[in-house]
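# Architecture at a glance
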Amino acid sequence: MDKIKKKEYKSALNTYLMATALLYIVSNTSALAIPVFAVAVSFILIYAVVRCGYYLGGAVSILSFVSACFFSFNIACVVAAAVLPVVYAAGYVIRGKKRLRDSILISSGAVLAGGVLAIGVLQLITGLGVVDFSVESVGSALKLLGDDDIKMFYQTVRYADILTGTMTQEAVAATPAAEAVVIMMDMVREALDLMIVSIMLIYSLIAGFLCYTVPRNAAKKHGIQVAAIPAFKDYALPKRFWLAYLISYVFAVIGVSYGWQSFDALEITIDYVFAFVFIVQGLSFLDFLYHTRKMGTGTRTVLHILAALILSSIIVWVGLFENIVGMRKRMDAKGGIAG
């Protein structure tokens, strides 16, 4: 027992040092990069809870953020609010050997709850809402660039407008750097006003999945028993998930047609979030097809990346159709497809 305890304390010390070092980096990085670093910190602290238990792992988590207060009190508070809910939630589902779907839902819900808490803490500290803070952070980052770099960045941002004829190349080139920064900040504000909820939900789904699978896999490699997870080709949404999409989308469209307040943002949120989920379903179906052709992991990964980048709009419909029809079950019932 003493030997086991020594290993737990050693693991706790190592995770504390890693988490504190990463929090030091967070305190010296751009505010826009904090969500990415917050996920990385979560990996370390979730593993501490899984490896060392709720009390010792929790103590490591709290002590890491207390130490981070010496680097930047404000950032430590914001990141702690974002991270601690998922640390305990993901630690619980991994230790409890919950099934994949429940684990991702719980972890993603905790990420979303942490995000809301972090936004609240951010507003208390800065007096700015998340949209205003993000816009100011983008503006600050742009103002650090030289005029030539700003104008090149502005050219890139306006490229679609040039292609559609909304703006001419001459007008873009003639825009002063200071004015370009203001225009780009307004563009960011407009996009976030419509898409902030979509961004938070999709971020929560991705981070929730990673905060479950990455620490789980690390725990498994160190001999800790964890629940088995299905292969990607077997990932499947609940039956009639498509019906939830249809009902919610029709409801949002009705609201938009009657001019109800904020329903334009609701329609965009439903579109983007469900599209993301159906893309995952579509890629899972493609993975099933790749397996029938006995393709290797590397080939399948490359094909998934290309499909997601180039054919995402088609993959959405593939995922939707698969959820409605259940093609994998039909193919399995018929003995697969001919090679």
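One structure accompanies this document, and this report is about it. (Residues numbered from 1 in each chain as written. Predicted model: local features only at pLDDT ≥ 70, side-chain atom pairs only at ≥ 80, totals over all residues. Heavy atoms only, no water.)

### Considerations on the pattern of salt bridges
- Following the criterion strictly, the structure yields 5 salt bridges and no others.
- The salt bridge partner of Arg189 is Asp132, with a shortest N-O separation of 2.5 Å. Residue Arg189 is located in helix H10 (residues 177-221), and its partner Asp132 is located in helix H6 (residues 130-143); the two are separated by 57 residues in the primary sequence.
- Arg189 gets classed as partly exposed once you look at its relative accessible area, which sits at 28%.
- A salt bridge links Arg328 to Glu322, with the shortest nitrogen-to-oxygen separation between them at 2.9 Å. Assigned by exposure class, Arg328 and Glu322 land together as buried. (Salt bridge = Lys/Arg side-chain N within 4 Å of Asp/Glu carboxyl O. Helix = DSSP H or I, 4+ residues; strand = E, 2+ residues; numbered from the N terminus. Buried < 20%, exposed > 50% of the residue type's maximum accessible area, 1.4 Å probe, protein only.)

### Considering the packing of aromatic side chains
- Across all of its chains, the model carries 13 aromatic pairs by this definition.
- Judged by centre distance (6.5 Å) and plane angle (15°), the rings of Phe285 and Phe288 are stacked. A residue pair is termed a helical-turn pair when its members lie 3 or 4 positions apart in one helix, as Phe285 and Phe288 do in helix H12 (residues 263-292) at 3 residues.
- Taken together, the ring pairs connect Phe241, Tyr245, Tyr249, Phe274 and Phe278 into an aromatic cluster.
- The aromatic ring of Tyr54 is capped on one face by Arg95, whose charged end is 4.9 Å from the ring centroid. (Phe/Tyr/Trp six-rings, centres within 6.5 Å; stacked < 30°, edge-to-face > 60°. Lys NZ or Arg CZ within 6 Å of the ring centre and 35° of its normal.)

### Re the side chain of Arg300
- Tracing the backbone shows Arg300 in helix H13 (residues 297-310).
- Setting aside its immediate chain neighbours within four residues, Arg300 contacts Asp287, Tyr290, His291 and Met295. (Contact = heavy atoms within 4.5 Å.)

### Here's the deal with helix H14 (residues 312-325)
- For H14, which comprises 14 residues, the first-to-last C-alpha distance of 20 Å matches the rise-based estimate of 20 Å (1.5 Å per residue) to within 8%.
- For H14, the complete set of buried residues consists of Ile315, Val316, Gly319, Leu320, Glu322 and Asn323. For H14, the angular spread of buried residues about the axis comes to 160°, placing them on one side. Opposite the buried face of H14, at more than 90 degrees from it, the exposed residues are Ser313 and Trp317. (Expected span 1.5 Å × (residues − 1). Arc of directions from axis to C-beta.)

### Some words on the environment of Lys143
- Positionally, Lys143 belongs in helix H6.
- The spacing of Lys143 and Ala177 is 34 residues in sequence and 9.2 Å in space, taken between C-alpha atoms.

### Considerations on the packing of helix H11 (residues 241-257) against H12
- Relative to each other, H11 and H12 sit at 160°, their axes nearing to 8 Å. Put simply, H11 runs roughly antiparallel to H12. Two packed elements cross with a definite hand, and for H11 against H12 that hand is left-handed. Of the residues in H12, those touching H11 at Phe241, Trp242, Ala244, Tyr245, Ser248, Tyr249, Phe251, Ala252, Val253, Gly255 and Val256 are Phe263, Asp264, Leu266, Glu267, Ile270, Asp271, Phe274, Val277 and Phe278.
- Class assignment for the residues of the contact of H11 with H12 results in 15 nonpolar, 2 polar and 3 charged. (Axes fitted to C-alpha atoms, helices over the stretch in contact; angles between N-to-C directions. Parallel < 35°, antiparallel > 145°, perpendicular 65-115°, else oblique. Left-handed = near helix turned anticlockwise from the far one by under 90°. Nonpolar A, V, L, I, M, F, W, Y, C, P; charged D, E, K, R; others polar.)

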